[in-house]
Amino acid sequence: MLNNIIKISKEAGSIIREGFGKNNVVEFKTDEGNLVTEIDKKAEKTIIDFVIKNYPTDSILAEEGGNKYGTSENLWVIDPLDGTTNYTHGLPIFSVSIGVIRKKEIIAGVVYDVMNDIAYLAEKGSGAFANEKRIEVSSNSKLGRSLLATGFAYNIKENPEHTFEKFAAITKSVRSVRRLGSAALDICHVAKGIYDGFWEVNLNPWDVCAGMIISKEAGGSITDFTGNETDIYSKQILVTNGKITESLKNLLNPDFPLENLPSGQTICK
Ligand code: IPD
Ligand code: CA
Ligand code: CA
């Protein structure tokens, strides 16, 4: 199955690459900040047609509406183009994200970094890879030396869960924070040890499903902001190398006094 997910992710990636920089039809989903292009739809249709042909009894949950109920135990969770705003503006940072869940457990996932031709992939219990190369989370345990990533939800203007306050608190305490616009890729960059951690609110199952198994198989920790286990439907996600989760939890929950940081972890003023 993993090889098939890789194959179809790359096929969708070719469609996306082909359309990059061209004058694609763009529609607004809810408002001018929430976009969908004809390429998102074309890529999704290609993936869904493949799943229906090869796994006819599986269920599908896909961002652009190609949902289907099947009788098997498998659910395909698909984001055909993660980073549509970047894509529309010509910023070459976006991905295809496909995860498969069986009996409530993610069993395989691929995030395809389209412009760099890197397939991040994992199967349950078999480690995580970037193309053929095994990847692992970073070993840094010092918050002050951490490079993190985050994203802002489309409804940021309503300031969900004090996004900016959390962003400011964390930015003041770490080496730096990036905000690049493809959550699926951000999570894989934690898995690869580029970032030490990533957090965001209000993501959808298709943004996180594949990244969750990839970062877990790379040795990462995936929780909500209080440190509890999450699933693809959680509205908070904190992915780290496992060594800075406690410190970040404290900053993401501002009521928690900073003095409660675990020993050995520092806050840089
Ligand atoms: C978005 C990206 C972005 C995140 C948004 C997502 P889309 O997905 O992952 O990084 O900040 O919350 O909705 O709409 O480009 O597939
Ligand atoms: Ca997405
Ligand atoms: Ca998308």
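Since this is a predicted model, take the numbers as computed values, not measurements.

A word on the confidence of the model for the chain
No. 1: In the predicted model, the chain carries a mean pLDDT of 91, and 93% of its residues have values of at least 70.
No. 2: Contacts for the low-pLDDT stretch residues 256–269, under 50 throughout, to residues beyond four places or in other chains number 26 contacts.

Observations concerning the domain arrangement of the chain
No. 1: Its domain assignment divides the chain into domain 1 (2–135) and domain 2 (143–260).
No. 2: Inter-centroid distance (C-alpha atoms) of domain 1 to domain 2 is 21 Å.
No. 3: Tallying the contact residues gives 39 residues for domain 1 and 24 residues for domain 2.
No. 4: For the pairing of domain 1 and domain 2, the buried interface totals around 2,400 Å² over both sides, and the portion due to carbon and sulfur atoms is 67%.
No. 5: Together, I106, Y120 and I135 form the three largest contributors to the area buried by domain 1 at its contact with domain 2, with a combined 22%.
No. 6: The interface formed by domain 1 and domain 2 contains 0 salt bridges.

Considering the packing of aromatic side chains
No. 1: Using the criterion set out here, one finds 6 aromatic pairs in the structure.
No. 2: With centroids separated by 5.6 Å and ring planes inclined at 35 degrees, the aromatic side chains of F20 and Y87 adopt a geometry described as tilted. Of this pair, F20 sits in the loop between helix 1 (2–19) and strand 1 (26–28) while Y87 sits in helix 3 (residues 84–89), placing them 67 residues apart in sequence.
No. 3: Each residue in the set F20, Y87 and F94 is aromatic and connected to the rest through ring pairs, giving one cluster.

Definitions and limits used
- The numbering scheme is per chain: residues are counted from 1 as the chain's sequence reads.
- Each chain gets a letter, beginning with A, and each ligand a number, beginning with 1, in the order they are written.
- Per-residue local features are limited, in this predicted model, to residues with pLDDT of at least 70; the limit for side-chain atom pairs, both in listing and counting, is 80 or more; totals at the level of whole chains, interfaces and linings are taken over all residues.
- Remark: hydrogens and water are excluded; side-chain values derive from all non-hydrogen atoms of the structure.
- Scored from 0 to 100, pLDDT reflects the predictor's confidence in each residue.
- Any two residues whose heavy atoms approach within 4.5 Å are treated as being in contact.
- The split into domains, and so the bounds of each, comes from an automatic or database assignment of domains.
- Each of two parts loses accessible area, computed with a 1.4 Å probe, when they are put together; buried area is these two losses added.
- Salt bridges, as used here, are contacts in which a Lys or Arg side-chain nitrogen is within 4 Å of a carboxyl oxygen on Asp or Glu.
- Each aromatic pair joins two rings of Phe, Tyr and Trp (for Trp, the six-membered one) with centres within 6.5 Å, and gets the label stacked for planes under 30 degrees apart, edge-to-face for over 60, and tilted for any other angle.
- Numbering of helices and strands starts at the N terminus; helices are DSSP runs of H or I of at least 4 residues and strands are runs of E of at least 2.

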